Protein chains: 6
Amino acid sequence: MLPGKAPRESRVEMTELVLPSDANPLGTIFGGRVMQWIDIAAGIAAARHARRPAVTASMDALTFHWPIRVGEVVVLEARVLAAFRTSMEIGVTVHSEAQSTGLRKLCTSAFLTFVALDEQGKPSQVPPIVPETKEEQEAFAEAHQRRALRLGAR
Amino acid sequence: MLPGKAPRESRVEMTELVLPSDANPLGTIFGGRVMQWIDIAAGIAAARHARRPAVTASMDALTFHWPIRVGEVVVLEARVLAAFRTSMEIGVTVHSEAQSTGLRKLCTSAFLTFVALDEQGKPSQVPPIVPETKEEQEAFAEAHQRRALRLGAR
Amino acid sequence: MLPGKAPRESRVEMTELVLPSDANPLGTIFGGRVMQWIDIAAGIAAARHARRPAVTASMDALTFHWPIRVGEVVVLEARVLAAFRTSMEIGVTVHSEAQSTGLRKLCTSAFLTFVALDEQGKPSQVPPIVPETKEEQEAFAEAHQRRALRLGAR
Amino acid sequence: MLPGKAPRESRVEMTELVLPSDANPLGTIFGGRVMQWIDIAAGIAAARHARRPAVTASMDALTFHWPIRVGEVVVLEARVLAAFRTSMEIGVTVHSEAQSTGLRKLCTSAFLTFVALDEQGKPSQVPPIVPETKEEQEAFAEAHQRRALRLGAR
Amino acid sequence: MLPGKAPRESRVEMTELVLPSDANPLGTIFGGRVMQWIDIAAGIAAARHARRPAVTASMDALTFHWPIRVGEVVVLEARVLAAFRTSMEIGVTVHSEAQSTGLRKLCTSAFLTFVALDEQGKPSQVPPIVPETKEEQEAFAEAHQRRALRLGAR
Amino acid sequence: MLPGKAPRESRVEMTELVLPSDANPLGTIFGGRVMQWIDIAAGIAAARHARRPAVTASMDALTFHWPIRVGEVVVLEARVLAAFRTSMEIGVTVHSEAQSTGLRKLCTSAFLTFVALDEQGKPSQVPPIVPETKEEQEAFAEAHQRRALRLGAR
């Protein structure tokens with residue numbers, strides 16, 4: 001078995017500026033653009049944990065709490081919450097930041113599963129996750145519950 | 001109240017070619033790129049139904065059944081399944097098509113909710129949906145159940 | 001000889017939303033952006049018919065009847081009109097749709113020829129086209145006339 | 001009437017490097033990408049001549065003589081060949097250049113018409129063209145013949 | 001005078017995945033793509049410090065120590081090192097991270113100056129910087145020396 | 001030793017239209033976008049001189065004298081100023097051109113060094129540069145002085 005790794009070792013912070021080309025004519029960002037950023041941030045965290053390429057297997061339900069506007073800064077944070085045999089659950093939060101005040105709002109958050117792949121593109125074993133903080137231990141337990149729900153839903 | 005409209009009046013078919021810039025170094029499309037296409041197809045269907053701009057409010061869980069590869073063609077189909085006061089549920093299916101055989105596989109499907117906006121960016125009333133076929137009537141009923149679950153989950 | 005195929009088997013429908021990044025500062029789409037979409041739609045239809053990659057050999061004259069604006073939806077439809085030994089003629093229509101009324105206008109149409117390629121990048125035989133409707137039979141005959149004109153013009 | 005201008009005053013030279021994202025999986029550039037570059041080069045020449053924004057009205061038939069490959073350099077040259085009341089005909093040549101030898105090949109050429117627009121988006125008068133060289137005088141005469149053909153074809 | 005702010009209040013961390021479309025045919029990232037990321041990261045830090053839009057005024061010399069390859073992750077960190085009346089100096093470091101080992105290498109670093117703008121696009125006063133750590137105090141002093149050199153060089 | 005080449009043999013002229021997607025919400029182009037164009041123009045000139053792929057090694061300090069706005073045309077000119085064993089110094093000028101007047105302003109200029117690479121990605125010898133005009137001879141001498149400064153600064 002591969003040696004375990006802590007969530008902080010693969011944590012990703014991504015900062016993006018919302019450009020006019022990311023937004024509809026109302027000046028509001030496309031939801032799909034945010035989903036694309038979420039997927040990239042999660043994918044980098046997964047690949048950092050696995051030290052291998054990793055591909056998106058699923059994304060749980062996602063709600064947009066606030067619109068994000070052109071000129072705002074978006075900060076994404078991705079963490080590996082749990083690792084199974086060849087897959088991982090990644091949690092991503094998305095905050096927007098207004099330029100004139102610096103205030104940050106949680107716009108959305110998402111849970112994704114990624115599968116690590118070997119050179120032939122087959123699923124490949126990943127290191128166990130070793131939660132360190134109380135918050136990480138809770139997230140670890142909840143990720144296992146979500147996995148049970150997902151497997152049950154198929 | 002606005003006059004009702006049938007799902008076929010706002011149905012969207014979108015065809016995309018998977019380019020190297022859509023894919024990771026393994027030649028597999030990024031999940032986030034597919035999510036972006038799903039959001040655009042759903043948004044066009046929503047705006048067609050509402051005759052107004054519409055923004056993404058949420059997306060239900062989504063699973064990728066098959067990887068999609070560079071050079072394949074992706075066909076998305078979006079339909080308005082149900083309309084509430086100012087929001088709509090849109091169903092999107094994503095098929096990939098191998099060039100050499102023409103075989104199509106269902107790669108993923110998604111349910112999204114969109115909110116129609118008026119000129120001030122406030123939620124705006126949308127026409128009722130009038131399901132015509134048996135399949136549309138079932139999708140209509142199921143969309144109401146999903147909405148109840150979503151409202152309950154908050 | 002390869003077995004013949006009907007035009008409907010390779011028909012492509014493509015739907016695009018006009019974004020600010022597709023348009024000049026007047027809010028009108030760049031002609032070249034539309035040409036790019038036409039080429040992609042035609043190329044997918046050609047590759048579907050040939051079950052092989054296909055590259056653009058030529059495009060006939062093209063006129064823009066109406067400007068297309070940011071926020072409008074563009075619907076492209078591509079059909080294989082005729083198949084020669086290793087090349088195909090594809091017809092593409094481009095309609096724009098105003099969001100607030102849903103009215104569609106024919107903005108432009110184009111005839112393109114594509115050549116199917118084998119693994120070495122050499123021209124490769126394509127299936128004959130079997131027109132089914134009266135409209136397809138007329139388009140088939142006209143495509144042969146255009147081809148004669150093109151060969152004569154060289 | 002506006003004072004006349006020579007073709008050299010609005011001549012455009014554009015140099016582009018063909019990237020993997022411009023090409024199909026065979027490593028050959030998409031025809032539509034070249035058309036997009038042709039449209040941009042022609043549009044800059046038209047706007048330089050008119051000192052106003054100008055939009056694409058039509059493009060004459062276009063044939064690709066040679067495939068263009070990833071890693072090659074593409075050189076476009078656009079010239080205003082003739083100016084009518086509110087429209088202009090622009091000629092564009094497209095050469096590709098192989099990196100290892102520097103040899104240039106003419107890949108395609110195109111004639112486009114652009115219309116100059118005023119602040120309200122209405123057609124706006126453009127300066128006459130004053131051909132200076134023998135080649136420019138011939139191109140000027142031929143552009144008038146093509147215009148007559150185009151008007152006849154409607 | 002505006003109240004001072006510490007460098008940590010505007011620090012930016014940006015994570016990017018190197019895609020095939022960012023790289024030349026050798027699989028090495030374009031220098032200009034890295035410069036673009038550097039400029040965006042620095043611009044976000046400057047705007048965070050000033051709480052206003054800020055535009056690039058200059059960039060000091062920049063050397064690439066190592067090539068960055070497709071599939072690697074790039075981590076940029078931007079900090080406001082010093083603030084003058086209406087301008088700021090920003091320091092940016094760029095590390096690449098190999099997926100299979102997680103090893104990070106410093107690829108390049110840069111010093112940029114940005115100017116804050118008011119609603120009319122005129123230079124606008126920015127808060128003083130208040131260095132907190134020894135390292136920040138040294139960077140603050142060095143930034144003033146670089147500014148003296150830049151002003152002398154004009 | 002490879003035969004020498006004159007600067008005019010590898011000179012590059014690049015013309016770009018500033019689109020909304022190149023600019024911040026103030027309508028001013030991102031500095032990083034200009035840097036990206038500078039790098040591409042210089043890279044094409046370097047590869048033309050070397051007849052091989054060439055990668056960016058460094059860029060000297062760069063100052064923006066004027067903002068460039070959406071709708072303006074940008075003209076870049078790149079010249080190989082000097083060639084060393086496996087590297088070259090390239091000078092690039094960037095002018096913007098206002099559409100309504102045609103007036104050109106020098107916005108910025110830059111000196112970059114590029115290294116030519118062989119098939120294994122190792123530095124590869126480049127032809128000597130043979131300055132022809134007085135201006136080219138001066139630029140050649142100055143490039144050698146800058147190189148001495150750069151080597152001294154390490």
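Residues numbered from 1 in each chain as written. Chains lettered and ligands numbered in written order. Predicted model: local features only at pLDDT ≥ 70, side-chain atom pairs only at ≥ 80, totals over all residues. Heavy atoms only, no water.

A. Summary view of the overall build of chain A. Scanning chain A from terminus to terminus reveals 2 helices and 6 strands. Listed N to C, the secondary structure of chain A is β-α-β-β-β-β-β-α in terms of helices and strands. Computed over its C-alpha atoms, the radius of gyration of chain A comes to 16 Å, within 12% of the 15 Å expected for a compact globule of 154 residues. Principal-axis analysis of the C-alpha atoms gives chain A an extent of 50 × 35 × 30 Å. For chain A, buried positions account for 58% of its 154 residues. Put simply, chain A shows about 6600 Å² of open surface, and 55% of that area lies on carbon and sulfur atoms. Counting 18 positive and 17 negative side-chain charges, chain A places the averaged centre of each group 4 Å from the other. (Helix = DSSP H or I, 4+ residues; strand = E, 2+ residues; numbered from the N terminus. Rg over C-alpha atoms; globule rule 2.2 N^0.38 Å. Buried < 20%, exposed > 50% of the residue type's maximum accessible area, 1.4 Å probe, protein only. Areas by Shrake-Rupley, 256 points an atom, 1.4 Å probe, with all protein chains shown as cover. Lys, Arg positive; Asp, Glu negative; His and termini not counted. Charge placed at Lys NZ, Arg CZ, Asp CG, Glu CD.)

B. Up close: the sheet that holds strand E5 (residues 87-97) of chain F. Read across the open sheet, the 6 strands follow the order E3(E)-E2(F)-E6(F)-E5(F)-E4(F)-E1(F); overall the sheet is antiparallel. If you trace the sheet from one side to the other, it starts and ends with strand E3 (62-63) of chain E together with strand E1 (12-17) of chain F, each paired once. Where helix H1 (residues 31-50) of chain E meets the sheet, its contacts fall on E3 of chain E together with strand E2 (54-59) and strand E6 (104-116) of chain F, and the angle it forms with E2 of chain F comes to roughly 40 degrees. (Pairing = 2+ DSSP bridges. Contact = heavy atoms within 4.5 Å. Axes fitted to C-alpha atoms, helices over the stretch in contact; angles between N-to-C directions.)

C. Up close: the sheet that holds strand E4 (residues 73-83) of chain A. Strands sit in the order E1(A)-E4(A)-E5(A)-E6(A)-E2(A)-E3(B) across an open sheet of 6 strands; the sheet is antiparallel. Unpaired on one side and paired on the other, strand E1 (12-17) of chain A together with strand E3 (62-63) of chain B mark the two borders of the sheet. Along the sheet, helix H2 (residues 134-153) of chain A makes contact with strand E2 (54-59), E4, strand E5 (87-97) and strand E6 (104-116) of chain A, crossing E4 of chain A at roughly 75 degrees.

D. How the structure looks around the environment of Ser96 of chain A. Here Ser96 of chain A shows up in strand E5. For Ser96 of chain A and Leu76 of chain A, which are 20 residues apart along the polypeptide, the C-alpha to C-alpha distance reads 8.8 Å.

E. Looking closely at the pattern of salt bridges. Residue and element names in this part refer to chain B. Counted by the stated rule, this structure contains 72 salt bridges over all chains. Asp22 is paired through a salt bridge with Arg33; the nearest N and O atoms lie 2.6 Å apart. Of this pair, Asp22 sits in the loop between strand E1 (12-17) and helix H1 (31-50) while Arg33 sits in helix H1, and the two are 11 residues apart along the sequence. What makes Arg33 partly exposed here is its relative accessible area of 23%. (Salt bridge = Lys/Arg side-chain N within 4 Å of Asp/Glu carboxyl O.)

F. Summary view of the relation of the copies chain B and chain A. The two copies are related by a screw operation: chain B maps onto chain A through 180 degrees of rotation and 0.0 Å of translation along the axis, at an RMSD of 0.0 Å. Taken together, the rotation angle and the small translation identify this as a two-fold axis. Taking C-alpha positions as the reference, the residue of chain B nearest the rotation axis is Ala61 of chain B, at 2.1 Å. In this assembly the copies share their binding face: 100% of the residues contributing to the interface of chain B also contribute to that of chain A. (Least-squares fit on C-alpha atoms with pLDDT ≥ 70 in both.)

G. Spotlight on unusual backbone geometry. All names here are of chain C. Positive phi values are uncommon outside glycine, yet Arg51 reaches one of about 55 degrees. As for its position among the elements, Arg51 is in the loop between helix H1 (31-50) and strand E2 (54-59). A relative accessible area of 29% means that Arg51 is categorised as partly exposed.

H. Representation of the pairing of strand E6 (residues 104-116) of chain E. All names here are of chain E. Bridge count between strand E2 (residues 54-59) and E6: 5 bridges; the pairing is antiparallel. Each bridged residue has a counterpart across the sheet, and for Ala54 the counterpart in E6 is Ala116. Where strand E5 (residues 87-97) meets E6, 11 bridges bridge the pair, whose relative direction is antiparallel. In the sheet register, Gly91 faces E6, and the bridge partner there is Phe111. Where E5 folds back onto E6 in an antiparallel hairpin, the turn is made up of 6 residues, including Gly102, whose phi is positive at roughly 80 degrees.

I. Seen up close, H1 of chain E. Residue and element names in this part refer to chain E. Between the first and last C-alpha of H1 there are 28 Å, a value that for 20 residues agrees with the 28 Å anticipated at 1.5 Å per step. Judged by how many residues are buried, H1 sits mostly within the fold: 18 of 20 residues are covered. Once H1 ends, the next one or two residues include Arg51, with phi positive near 55 degrees. (Expected span 1.5 Å × (residues − 1).)

J. Molecular detail of the interface of chain B and chain E. Listed as interface residues are 5 residues of chain B and, on the opposing side, 6 residues of chain E. Roughly 350 Å² is buried in total at the junction of chain B and chain E, and carbon and sulfur atoms are behind 83% of that figure. The interface formed by chain B and chain E includes 0 residue pairs in polar contact (both at pLDDT 80 or more). In terms of residue class, the side of chain B that touches chain E is made up of 4 nonpolar, 1 polar and no charged. (Buried area = accessible area lost by both parts, 1.4 Å probe. Polar contact = N/O pair within 3.5 Å; in protein donor to acceptor, adjacent residues only side chain to side chain. Nonpolar A, V, L, I, M, F, W, Y, C, P; charged D, E, K, R; others polar.)

K. Representation of the side chain of Glu89 of chain A. All names here are of chain A. Tracing the sequence through the fold places Glu89 in strand E5. At 2.7 Å, the side chain of Glu89 forms a polar contact with the side chain of Arg146. Among the polar contacts made by the side chain of Glu89, one reaches the side chain of Arg150 at a distance of 2.7 Å. If sequence neighbours within four positions are ignored, Glu89 has contacts with Arg79, Val80, Leu81, Ala82, Phe84, Phe111, Leu112, Thr113, Ala143, Arg146 and Arg150.

L. Focus on the arrangement of the chains. Chain C makes no contact with chain E; the smallest distance between any of their C-alpha atoms is 18 Å. In this view chain B stays clear of chain F, with the nearest C-alpha atoms of the two still 18 Å from each other.

M. Examining the relation of the copies chain B and chain E more closely. Its rotation angle being 120 degrees, the transformation that places chain B on chain E also includes 0.0 Å of axial translation and leaves an RMSD of 0.0 Å. The superposition operator between the copies reduces to a three-fold rotation axis. When each C-alpha of chain B is compared by its distance to the rotation axis, Ser21 of chain B comes out closest, at 3.1 Å.

N. How the structure looks around the interface of chain B and chain A. Contacts between chain B and chain A engage 22 residues on the former and 23 residues on the latter. Here chain B packs against chain A, burying approximately 1800 Å² in sum over the two surfaces, 64% of which is carbon and sulfur. The tally of links between chain B and chain A comes to 0 salt bridges. Inspection of the chain B/chain A interface yields 9 residue pairs in polar contact (both at pLDDT 80 or more). Listing elements by their share of the side of chain B that touches chain A, those giving two or more residues are H1, strand E2 (54-59) and E3 of chain B. At 6 residues, the largest contribution of residues to the side of chain B that touches chain A is made by H1 of chain B.

O. Broad picture of the packing of aromatic side chains. In this structure the tally under the stated criterion is 0 aromatic pairs over all chains. Between Lys105 of chain C and the ring centre of Trp66 of chain C, over which it is positioned, the NZ or CZ distance is 4.0 Å. (Phe/Tyr/Trp six-rings, centres within 6.5 Å; stacked < 30°, edge-to-face > 60°. Lys NZ or Arg CZ within 6 Å of the ring centre and 35° of its normal.)

P. Inspection of the packing of H1 of chain C against helix H1 (residues 31-50) of chain D at higher detail. Put simply, H1 of chain C and H1 of chain D touch, their axes get as near as 8 Å, and they point 170 degrees apart. Considering the angle they form, H1 of chain C stands roughly antiparallel to H1 of chain D. For the pair H1 of chain C and H1 of chain D, contact is made by Gly31, Gly32, Arg33, Met35, Gln36 and Asp39 of chain C and by Gly31, Gly32, Arg33, Met35, Gln36 and Asp39 of chain D, respectively. Across the contact of H1 of chain C with H1 of chain D, the residue classes tally to 2 nonpolar, 6 polar and 4 charged. (Parallel < 35°, antiparallel > 145°, perpendicular 65-115°, else oblique.)

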